[in-house]
Amino acid sequence: MVDFGAQYAQLIARRVREAGVYSEIVPHTATAADIMAKDPLALVLSGGPASVYEPGSPELDPAVFDLDVPIFGICYGFQVMAQALGGEVAQTGSREYGRTEARVVNNTDPLLAGQPDTQVTWMSHGDQVVAAPPGFSVLATTEATPVAAFGDPATKRYGVQWHPEVRHTDWGQNVLEHFLHDIVGLAREWNADNVIADQVEAIRDTVGDARVICGLSGGVDSSVAAALVHRAIGDQLVCVFVDHGLLRAGEREQVERDFVQSTGVRLVTVDATKRFLGELSGVVDPESKRKIIGREFIRTFEQAAADLVREAAEDDAEVRFLVQGTLYPDVVESGGGAGTAVIKSHHNVGGLPDDLEFDLIEPLRTLFKDEVREIGRQLGVPEDIVARHPFPGPGLGIRIVGEVTAERLDLLRAADLIVREELTATGVDGEIWQCPVVLLADVRSVGVQGDGRTYGHPIVLRPVSSDDAMTADWTRLEHELLANISNRITNEVAGVNRVVLDITSKPPGTIEWE
Ligand code: XMP
């Protein structure tokens, strides 16, 4: 997948994998030699935000088109390909955005074979391909675009003006599959079973008889990474779970009981609640809280790791590796380089520094989140963990606006549990990105309950919809559901007399309040 604009390429790469074909993303600045070093069986050129006419628009090494590799161009990639191979791209002044009807004019060619003559596609372009390159057949047109799809079966070069990767394009996935399977001849070999088998072999090769440590957070990534490594090397892996006391209700049990029972991993829990609460005592500033939690997490983990190193030495063994649950989007966004990806610095709070004295094992480094979930299910990781929403490393510590105390944590935990129960009961949790529940511990308001006046704290609901947490919109939850949540919290959680809804998108608000 050659990337002309990040958000397009990741989605296309996922769709290619859904077709059972492994894909990797390279930037459009990669040379033909860089690309061949990966030994690709086919190339896909992604869409992108630019016009091929704009000065400085993303270009591709022209030698790529001399390679003996099938190529499929999408949107901007389709136009780049048309121009490079001798077709014509023009600024005709007509644009197509959104839902556009495409007419198939050649369905004997395998790309659009078996598809309806007119179909809904999703477009986003100003320039048009007005003449296909010599030797290419025009496969589809639209009202504004004389050449909306073309192909040359002899060289296996194809392209479409529309976005086959978006769900709104009715036959999009089918077009990708025709290219990959029928035209290039690739088999459907990329699936969870094969990934597990390959990783198990690779991990065994790397680790030998050394011991391995994994920091478990209870989240999807570290749990699946641990289960995968455990499948490979069994009890050579020891997982460390730091309970910082800032977890949600039931999370420790989920890890200690459910995860351990279903995977068989060896787990060491460090109960550091007192230590964290002690350090957080009197602290109100959000950044200070984050720093304290991050620092104490690393110290606690390092002590636990040192114990395991000592224990291994007594058995004449050596702890050499640390498992990290790095995912492919992190790798792509950090430029695809080696080592641990740095996303936003605060995202590493609750994570580990990369200067620990261990080599990293990152078994999820080539995977997207949905693939990680699928692999987790195959490995028997409990559904509650596999389907879990993102939860920040600093936990409830950054969801209490004000000082963090044991009583306030109990109160927030009770409210958060009610919200999760209601979201699960209505199935809404499967549709939203996450729903932080925040306690405004420094705010009080007057209320009336029973016969008496109350002076309690508000709870904020922050349901958001998002694809990647970089931007988000507040989710329009059903009023009935909101009413149930509000009734239950104010009735069941002593000290809370008001529930409010956060209706801010990101930007300008962040998802978390601190
Ligand atoms: P913000 O608040 O920046 O959050 O809009 C974006 C996403 O990141 C999560 N988040 C964190 N995750 N450690 C984490 O592992 C952190 O320190 C952290 N802070 C925020 C947040 O829940 C949301 O999904």
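Residues numbered from 1 in each chain as written. Predicted model: local features only at pLDDT ≥ 70, side-chain atom pairs only at ≥ 80, totals over all residues. Heavy atoms only, no water.

- Per an unreviewed UniProt entry, the chain is named GMP synthase [glutamine-hydrolyzing], and its organism is Pontimonas salivibrio.
- One UniProt comment on the chain, placed under Catalytic activity (unreviewed entry), says "XMP + L-glutamine + ATP + H2O = GMP + L-glutamate + AMP + diphosphate + 2 H(+)".
- The UniProt entry for the chain carries this comment under Subunit (unreviewed entry): "Homodimer." (UniProt positions renumbered as here; feature names shortened; annotations may be inferred.)

## Topic: the packing of helix α13 (residues 406-425) against helix α14 (residues 479-492)
Then, in step 1: At their nearest, the axes of α13 and α14 sit 10 Å apart, and the two run at 150 degrees to each other. Taken together, the axis directions place α13 and α14 in an arrangement best described as roughly antiparallel. The two elements α13 and α14 cross, and the hand of that crossing is right-handed. Residues A415, I418, V419, E421, E422 and L423 of α13 lie in contact with α14, whose contacting residues are L481, N484, I485, R488, I489 and E492.
Then, in step 2: The residue inventory of the contact of α13 with α14, partitioned by class, reads seven nonpolar, one polar and four charged. (Axes fitted to C-alpha atoms, helices over the stretch in contact; angles between N-to-C directions. Helix = DSSP H or I, 4+ residues; strand = E, 2+ residues; numbered from the N terminus. Parallel < 35°, antiparallel > 145°, perpendicular 65-115°, else oblique. Left-handed = near helix turned anticlockwise from the far one by under 90°. Contact = heavy atoms within 4.5 Å. Nonpolar A, V, L, I, M, F, W, Y, C, P; charged D, E, K, R; others polar.)

## Details of the side chain of T490
Then, in step 1: With respect to the helices, strands and loops of the structure, T490 is situated in helix α14.
Then, in step 2: By relative accessible area, which is 18% here, T490 ends up buried.
Then, in step 3: At a separation of 3.2 Å, a polar atom in the side chain of T490 contacts the main-chain carbonyl oxygen of N487.
Then, in step 4: Once residues within four sequence positions are removed from consideration, T490 is found in contact with Q449, V496, N497, R498 and V499. (Buried < 20%, exposed > 50% of the residue type's maximum accessible area, 1.4 Å probe, protein only. Polar contact = N/O pair within 3.5 Å; in protein donor to acceptor, adjacent residues only side chain to side chain.)

## Thoughts on the nonpolar core
Then, in step 1: Core analysis: the largest hydrophobic core is formed by 48 residues, its most contacted members being I213, F301, V419, L423, I459 and I489.
Then, in step 2: Those elements that place two or more of their residues in this core are β13 (237-243), α8 (273-280), α9 (286-314), β15 (319-323), α13, β18 (437-440), β20 (452-461) and α14.
Then, in step 3: Among the elements that take part in this core, α9 stands out by supplying eight residues, more than any other.
Then, in step 4: If sequence neighbours within four positions are ignored, L423 has contacts with V428, D429, I432, C435, L477 and L481.
Then, in step 5: If you look at the next biggest cluster of nonpolar residues, it comprises 39 residues, including V265, V323, V372 and V381. (Core = buried A, V, L, I, M, F, W, Y, C linked by side-chain atoms within 4.5 Å.)

## Some thoughts on empty space enclosed by the protein
Then, in step 1: In total, this model carries one cavity of 30 Å³ or more according to the counting rule given.
Then, in step 2: Every residue along the wall of the largest cavity is listed here: R211, V212, I213, V238, L308, E311 and V319.
Then, in step 3: Of the residues forming the lining of the largest cavity, the biggest block, three residues, is contributed by strand β12 (residues 211-216).
Then, in step 4: In the lining of the largest cavity, the residues fall into five nonpolar, no polar and two charged. (1 Å grid on protein atoms, 1.4 Å probe; cavity = no way out; pocket = protein on both sides within 12 Å on 5 of 7 lines; lining within 4 Å. Points joined across faces, edges and corners; volume = space filled by probe spheres on them.)

## Comments concerning the layout of surface pockets
Then, in step 1: By volume, the second largest pocket is sized at about 530 Å³.
Then, in step 2: Together, 21 residues line the second largest pocket, and Y22, S23, P40, L41 and A42 are the ones closest to its centre.
Then, in step 3: Of the residues that constitute the lining of the second largest pocket, the class distribution is 15 nonpolar, two polar and four charged.

## Observations concerning the side chain of Q173
Then, in step 1: Tracing the backbone shows Q173 in helix α4 (residues 172-183).
Then, in step 2: With near-sequence residues (within four places) excluded, Q173 lies in contact with R15, E18, A19 and P164.

## Points about the sheet that holds β15
By way of backbone hydrogen bonds, the strands of a sheet pair with one another, either parallel or antiparallel.
Then, in step 1: Strand order in this open sheet of five strands is β14-β13-β12-β15-β16, and the pairing throughout is parallel. Each edge of the open sheet is held by one strand with a lone partner, namely β14 (266-271) and β16 (359-361). Geometrically, the sheet is characterised by an average inter-axis angle of 30 degrees between neighbouring strands, direction not taken into account.
Then, in step 2: The sheet contact formed by β15 and β16 spans three bridges and is parallel. Of the residues in β16, the one forming a bridge with V323 is I361.
Then, in step 3: Here helix α6 (residues 220-233) sits on the sheet and contacts β12, β13 and β15; the angle it forms with β12, its principal contact strand, is near 160 degrees. (Pairing = 2+ DSSP bridges.)

## Describing the UniProt feature "binding site: ATP" (unreviewed entry) in the chain
Then, in step 1: Here the UniProt-annotated "binding site: ATP" (unreviewed entry) positions come out as S217, G218, G219, V220, D221, S222 and S223.
Then, in step 2: Turning to its location among the elements, G218 is positioned in the loop between β12 and α6.
Then, in step 3: The residues contacting G218, other than those within four sequence positions of it, are S223, V255, I385 and R388.
Then, in step 4: Looking at the element boundaries, D221 is found in helix α6.
Then, in step 5: Not counting residues within four places of it along the chain, the set of residues in contact with D221 comprises G325, L327, L364, K369 and V372.

## Some words on the UniProt feature "active site" (unreviewed entry) in the chain
Then, in step 1: Taken from the UniProt record, the annotation "active site" (unreviewed entry) applies to C75, H163 and E165. Judged by maximum C-alpha separation, these annotated positions cover 91 residues in sequence but sit close together in space, the widest gap being only 10.8 Å.
Then, in step 2: Mapping H163 onto the fold places it in the loop between β11 (157-160) and α4.
Then, in step 3: Among the residues examined, H163 registers a relative accessible area of 3% and is labelled buried.
Then, in step 4: Ignoring sequence-local partners within four residues, the contact set of H163 consists of Y8, G47, I74, C75, W122, M123, S124 and T169.
Then, in step 5: Here E165 is to be found in the loop between β11 and α4.
Then, in step 6: Leave out the neighbours within four places in its chain, and E165 touches Y8, L11, I12, R15 and I74.

## Considering the confidence of the model for the chain
Close inspection of predicted coordinates is inappropriate in any region flagged by low pLDDT.
Then, in step 1: Averaged over every residue, the pLDDT of the chain is 94; residues scoring 70 or more account for 96%.
Then, in step 2: The ipTM for the predicted assembly is 0.99, set against a pTM of 0.90. (pLDDT = per-residue confidence, 0-100.)

## Overview of the pattern of salt bridges
Side-chain pairs of opposite charge can arise whenever the charged atoms involved come near each other.
Then, in step 1: In the structure shown here, the tally under the stated rule is 32 salt bridges.
Then, in step 2: Notably, a salt bridge pairs K369 with D221, separated by 3.0 Å at the nearest N-O pair. Taken together, the residues K369 in helix α11 (residues 369-378) and D221 in helix α6 connect sequence positions 148 residues apart.
Then, in step 3: Of the charged contacts in the structure, one is a salt bridge between R488 and E421, with a shortest N-O distance of 3.0 Å. With R488 in helix α14 and E421 in helix α13, this residue pair connects regions lying 67 residues apart in the sequence.
Then, in step 4: Given the relative accessible area of 36%, E421 is considered partly exposed.
Then, in step 5: In the salt-bridge network here, residues are joined through shared partners; they are R275, E279, R295, E296 and R299. (Salt bridge = Lys/Arg side-chain N within 4 Å of Asp/Glu carboxyl O.)

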